[in-house]
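# Residue-level structure breakdown
Below, each chain spelled out in residue letters.
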Amino acid sequence: MRVAIAGGGLAGLACAKYLVDAGHTPIVLESRDVLGGLVAAWKDADGDWYETGLHVFFGAYPNMLQLFKELDIEDRLQWKEHTLIFNQPEKPGVLSRFDVPDIPAPFNVILSILRNNDMLTWNQKIRFAIGLLPAVVRGQQYVENMDKYSLLEWLRLQGVDERVNSDIFVAASKALTFINPEDVSATVPLTALNRFLQERYGSKVAFLDGSPTERLCQPIVDYVTERGGEVLLKKPLKQILLNEDGTVRGFAVRGLDGAPDEVVTADVYVSAMPVDVMKALMPEPWTKLEFFQKMEALEGVPVINIHLWFDRKLTDVDQLLFSRSPLLSVYADMSNTCREYANPDRSMLELVLAPAKDWIDKSEAEILAATMAELKKLFPDDLAGDHPATLLKYKIVTTPRSVYTAAPGMQACRPDQATPIDNFFLAGSYTMQRYLGSMEGAVLSGKQAAEAIAQRFPASPVDSAPPDLVATSAR
């Protein structure tokens, strides 16, 4: 059975991968000239990569790790030391570490907190632990029910010290969702904490050994095309065409570079586009259905990713760092963390500016100036001294609508992958799955969409047979 998928990000590619595994034939239509969606990457004129975001992989990403295993590319994940590292704004240039020992969860994470004396007092640690206890003991259903509160409201209800919020949860919230604790649903960080506290290596971090486009997306493309599927670039969806009964009869695709528009037909159709694009292209008859109406409250959060190349090394830390800056979220020296970006003599810092809503419309010059001002606090010896490092070049990637804004109450607005339209399905991290707006969530959503399609439309023996056998049986 032929399945047309609009969107070549991780959700669409994962959906295609699991569809071919189920015996179906997917055709992926990507609007841009590069795959990956929110993990897309490009090369500049010097051959250096720059990315849509700072992408890290956690041990608590079972579906992503399973995908790497199934593609036989597990060696492309560069696992780092099991630790969380925070800057200390009151001590410029000083780092605080939460080193996680190799013992069973949750004792490993608890011990890492107890052994850190840089950021929290013993009284704060105890109140922190007591406050988190309900989320750990009462499980995921309790966590889901906390969507009615912002994270800050939930912390206050648990009696958690305000210092814990300012020192820990502001950084964690911005890293996970690109917004602050007073704006994010408590469900999101509590879900992450549950995974970190229940899995021995849940909070362990890995970086890809090169660009996501080449090192992750391309292997999925190869897997799909080798099994009869197609992945096409520069095929932007123009309109979802309907039959009289409201089901989909085709995807109208806009022709680019002088090519005419075309209509792609299939047996089943999937939107793996961002929620904002899906809402814009939603056929008018569907807007009357409650299933699609609730999606109206969902919208993407603005994100800014910044790349800075310097003429010398600023740090030798090979890990993700939480800046604890009011402007910046997380950062890493990619010349240390990523094999393909490695440079023993120069740094390439990749940083996330968050929250970005007040910056998304500003000029690159303004964004760069503000970023450099914050970096001087993080690297005072290298950027604020008598002989500061020289910025050789920079790239700023703005995404006005990234993953859905995980505000309180949004859990109820997230749709399932199977829709009321018999031959139409959804994929994307905004759809309902347990890993929220993340790479793991995108992969899981694509997998769940493929499973829903396979359940509603089981592959026939001819669909699932090897091409040579199909050819033989057709003669």
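## A look at the pairing of strand β1 (residues 2-6)
Among the five residues that make up β1, four are buried, leaving the element largely enclosed by the rest of the structure. Traced from β1 through helix α1 (residues 10-21) to strand β2 (residues 25-29), the parallel crossover comes out right-handed. Across four bridges, the pairing between β1 and strand β14 (residues 268-271) is parallel. Looking at the pairing, Ala4 lines up with Tyr269 of β14.

## Some details on helix α8 (residues 187-198)
Over its 12 residues, α8 runs 16 Å from end to end, which matches the ideal 16 Å to within 8%, given 1.5 Å per residue. When you tally the buried positions in α8, you get 11 out of 12 residues, the bulk of the element. Of the positions making up α8, those classed as buried are Thr187, Val188, Pro189, Leu190, Thr191, Ala192, Leu193, Asn194, Arg195, Phe196 and Leu197. Where α8 is buried, its residues contact β5 (57-58), α3 (107-114), α4 (122-137), α5 (139-145), α6 (151-157) and α7 (162-177).

## Looking at the sheet that holds strand β9 (residues 205-208)
Strand order in the open sheet formed by three strands is β5-β9-β6, and the pairing between neighbours is antiparallel. Of all strands in the sheet, those with a lone pairing partner are β5 and β6 (77-79), marking the two edges.

## A few points about the confidence of the model for the chain
Per-residue pLDDT for the chain averages 92, and the proportion of residues at 70 or more is 97%. Long-range and interchain partners of residues 465-475, a stretch whose pLDDT sits below 50, account for two contacts in this model, where long-range means more than four residues apart.

## Details of the packing of aromatic side chains
The tally for this structure, following the rule as stated, stands at 11 aromatic pairs. Measuring from ring centre to ring centre gives 5.0 Å for Phe291 and Phe292, while their planes differ by 80°; the resulting arrangement is edge-to-face. You'll find Phe291 and Phe292 in the same group, each marked buried. Through pairs of rings, three or more aromatic residues link up here, namely Trp286, Phe291, Phe292 and Phe424. Stacked on the ring of Trp122, the Lys or Arg Lys125 has its end atom at 4.4 Å from the ring centre. Positioned above the aromatic ring of Trp309, the side-chain terminus of Lys393 is 4.7 Å from the ring centre.

## Digging into the side chain of Asp276
In this structure, Asp276 sits in helix α10 (residues 275-281). At 4.2 Å, Arg401 is the nearest oppositely charged side chain to Asp276, a buried residue that forms no salt bridge.

The rules behind the values
- Residues numbered from 1 in each chain as written.
- Predicted model: local features only at pLDDT ≥ 70, side-chain atom pairs only at ≥ 80, totals over all residues.
- Heavy atoms only, no water.
- Buried < 20%, exposed > 50% of the residue type's maximum accessible area, 1.4 Å probe, protein only.
- Helix = DSSP H or I, 4+ residues; strand = E, 2+ residues; numbered from the N terminus.
- Right-handed = clockwise from strand over helix to strand, strands pointing away.
- Pairing = 2+ DSSP bridges.
- Expected span 1.5 Å × (residues − 1).
- Contact = heavy atoms within 4.5 Å.
- pLDDT = per-residue confidence, 0-100.
- Phe/Tyr/Trp six-rings, centres within 6.5 Å; stacked < 30°, edge-to-face > 60°.
- Lys NZ or Arg CZ within 6 Å of the ring centre and 35° of its normal.
- Lys, Arg positive; Asp, Glu negative; His and termini not counted.
- Salt bridge = Lys/Arg side-chain N within 4 Å of Asp/Glu carboxyl O.

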